[in-house]
Amino acid sequence: AQSVTQLDSQVPVFEEAPVELRCNYSSSVSVYLFWYVQYPNQGLQLLLKYLSGSTLVKGINGFEAEFNKSQTSFHLRKPSVHISDTAEYFCAVSDMDGNNRKLIWGLGTSLAVNP
Amino acid sequence: EPEVTQTPSHQVTQMGQEVILRCVPISNHLYFYWYRQILGQKVEFLVSFYNNEISEKSEIFDDQFSVERPDGSNFTLKIRSTKLEDSAMYFCATSDPRSNQPQHFGDGTRLSIL
């Protein structure tokens, strides 16, 4: 069985500061990794994904994440955040094998960017 | 870019009533999913559906839940006798099993049980 751990439930940060949101996963099989963002009262938007290849992946809105297989981590980073980045961020994994791409989700990290 | 469409955006229902949530998948996608997000909590997998049958379901997906694709386009989630704890955001997602691309999500249906 797979599981996803997001180590920080809330991350307050000042505008223009760097931020890292941590994600670790557990799986007995190879997985795809994702970060989704959810703005208040909105749906789920894909920020970035790791499917294969380079372990550093770049996404939308200036976010990037690095897949570390040995540490089973997929931490999300942004060098300089904006007020508009305030949102809930979810890390998720799905099986690489087979066709069923169901996602297993972390509990989420609430990013609060303050002026 | 093609979209997954969910209706209604908000459904208010009395406890014990049946509700049907609807989703129009992306046309060439063959795998369909429902997820639930109780307010302030994480997103939870409910069920996946492929080739007109359930592929996998979670322990949340008990006998009060059912899914079907009645007309070849809509993909529906039915909750037979709603409980207060069914109040949540329900997301539909679809994927193309022939690619490794991630699922596409709809905007969700907010279900409020009174």
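A brief look at the structure comes next. (Residues numbered from 1 in each chain as written. Chains lettered and ligands numbered in written order. Predicted model: local features only at pLDDT ≥ 70, side-chain atom pairs only at ≥ 80, totals over all residues. Heavy atoms only, no water.)

Right, let's talk about the overall build of chain B for a bit. A tally of regular secondary structure across chain B gives zero helices and 11 strands. When the helices and strands of chain B are listed from N to C terminus, the series reads β-β-β-β-β-β-β-β-β-β-β. Computed over its C-alpha atoms, the radius of gyration of chain B comes to 13 Å, within 12% of the 13 Å expected for a compact globule of 114 residues. Dimensions of chain B, computed from the C-alpha atoms along their principal axes, are close to 40 × 25 × 25 Å. Here chain B holds 114 residues, and 46% of them are scored as buried. Considering only residue pairs separated by 6 or more positions, chain B has 54% of its internal contacts joining residues 24 or more positions apart. For chain B, the accessible area works out to roughly 5,700 Å², and carbon and sulfur atoms hold 44% of it. One finds the centroid of the 10 positive side-chain charges in chain B at a distance of 2 Å from the centroid of its 15 negative side-chain charges. (Helix = DSSP H or I, 4+ residues; strand = E, 2+ residues; numbered from the N terminus. Rg over C-alpha atoms; globule rule 2.2 N^0.38 Å. Buried < 20%, exposed > 50% of the residue type's maximum accessible area, 1.4 Å probe, protein only. Contact = heavy atoms within 4.5 Å. Areas by Shrake-Rupley, 256 points an atom, 1.4 Å probe, with all protein chains shown as cover. Lys, Arg positive; Asp, Glu negative; His and termini not counted. Charge placed at Lys NZ, Arg CZ, Asp CG, Glu CD.)

All names here are of chain B. Burial within strand E8 (residues 75–79) is extensive, with four of its five residues counted as buried. Here five bridges tie strand E3 (residues 19–24) to E8, and the two strands are oriented antiparallel to one another. Its bridge partner lying in E8, Leu-21 is registered against Leu-77. Hairpin geometry of strand E7 (residues 65–68) and E8 is characterised by an intervening segment of six residues between the two adjacent antiparallel strands and by a positive phi of about 80° at Gly-72. (Pairing = 2+ DSSP bridges.)

Roughly 330 Å³ of internal volume is contained in the second largest pocket. Along the wall of the second largest pocket there are 19 residues; nearest its centre are Gln-38 and Glu-88 of chain A together with Gln-37, Leu-39 and Gly-40 of chain B. For the lining of the second largest pocket, the elements supplying multiple residues, two or more each, are strand E10 (87–95) and strand E12 (109–114) of chain A. By residue number, the principal contributor to the lining of the second largest pocket is E10 of chain A, which donates three residues. (1 Å grid on protein atoms, 1.4 Å probe; cavity = no way out; pocket = protein on both sides within 12 Å on 5 of 7 lines; lining within 4 Å. Points joined across faces, edges and corners; volume = space filled by probe spheres on them.)

One can find Leu-21 of chain A in strand E3 (residues 19–21). Once residues within four sequence positions are removed from consideration, Leu-21 of chain A is found in contact with Val-11, Trp-35, His-75, Leu-76, Tyr-89, Thr-109 and Leu-111 of chain A.

This brings us to the environment of Pro-8 of chain B. Residue and element names in this part refer to chain B. Among the structural elements, Pro-8 can be located in the loop between strand E1 (5–7) and strand E2 (10–13). A sequence separation of 35 residues divides Pro-8 from Val-43, and the C-alpha atoms of the two residues are 19 Å apart. Ignoring anything within four residues of it in the chain, the contact list for Pro-8 reads Gly-108 and Thr-109.

Okay, the pattern of salt bridges next. In total, this model carries seven salt bridges over all chains according to the counting rule given. For Lys-58 of chain A, the salt bridge goes to Glu-64 of chain A, with nearest N and O atoms at 2.8 Å. With a closest N to O distance of 3.3 Å, Arg-36 of chain B and Glu-44 of chain B form a salt bridge. Put simply, Glu-20, Glu-66 and Arg-77 of chain A are held in one network by salt bridges that share partners. (Salt bridge = Lys/Arg side-chain N within 4 Å of Asp/Glu carboxyl O.)

Turning our attention to the interface of chain B and chain A. Each side of the interface is counted separately: chain B has 22 residues, and chain A has 19 residues. Here chain B meets chain A over a buried area of about 1,800 Å², counting both sides, of which 56% is carbon and sulfur. Remark: the boundary between chain B and chain A carries one salt bridge. Between Lys-102 of chain A and Glu-56 of chain B there is a salt bridge; the shortest N-O distance is 2.4 Å. Along the contact surface separating chain B from chain A lie five residue pairs in polar contact (both at pLDDT 80 or more). (Buried area = accessible area lost by both parts, 1.4 Å probe. Polar contact = N/O pair within 3.5 Å; in protein donor to acceptor, adjacent residues only side chain to side chain.)

The next point concerns the nonpolar core. General note: in soluble globular proteins, nonpolar side chains tend to be found buried as a group. The biggest cluster of nonpolar side chains holds 29 residues, and the ones touching the most others in it are Trp-35, Leu-48, Phe-74, Leu-76 and Tyr-89 of chain A. Mapped by element, the contributors of at least two residues to this core are strand E2 (10–14), E3, strand E5 (31–38), strand E6 (45–50), strand E8 (64–68), strand E9 (73–78), E10 and E12 of chain A. Beyond its immediate stretch of four places on either side in the chain, Tyr-89 of chain A contacts Gln-6, Leu-21, Trp-35, Tyr-36, Val-37, Leu-47, Phe-63, Leu-76, Gly-108, Thr-109 and Leu-111 of chain A. One finds Cys-23, Phe-32, Trp-34 and Val-67 of chain B within the second-largest nonpolar core, a separate group that totals 21 residues. (Core = buried A, V, L, I, M, F, W, Y, C linked by side-chain atoms within 4.5 Å.)

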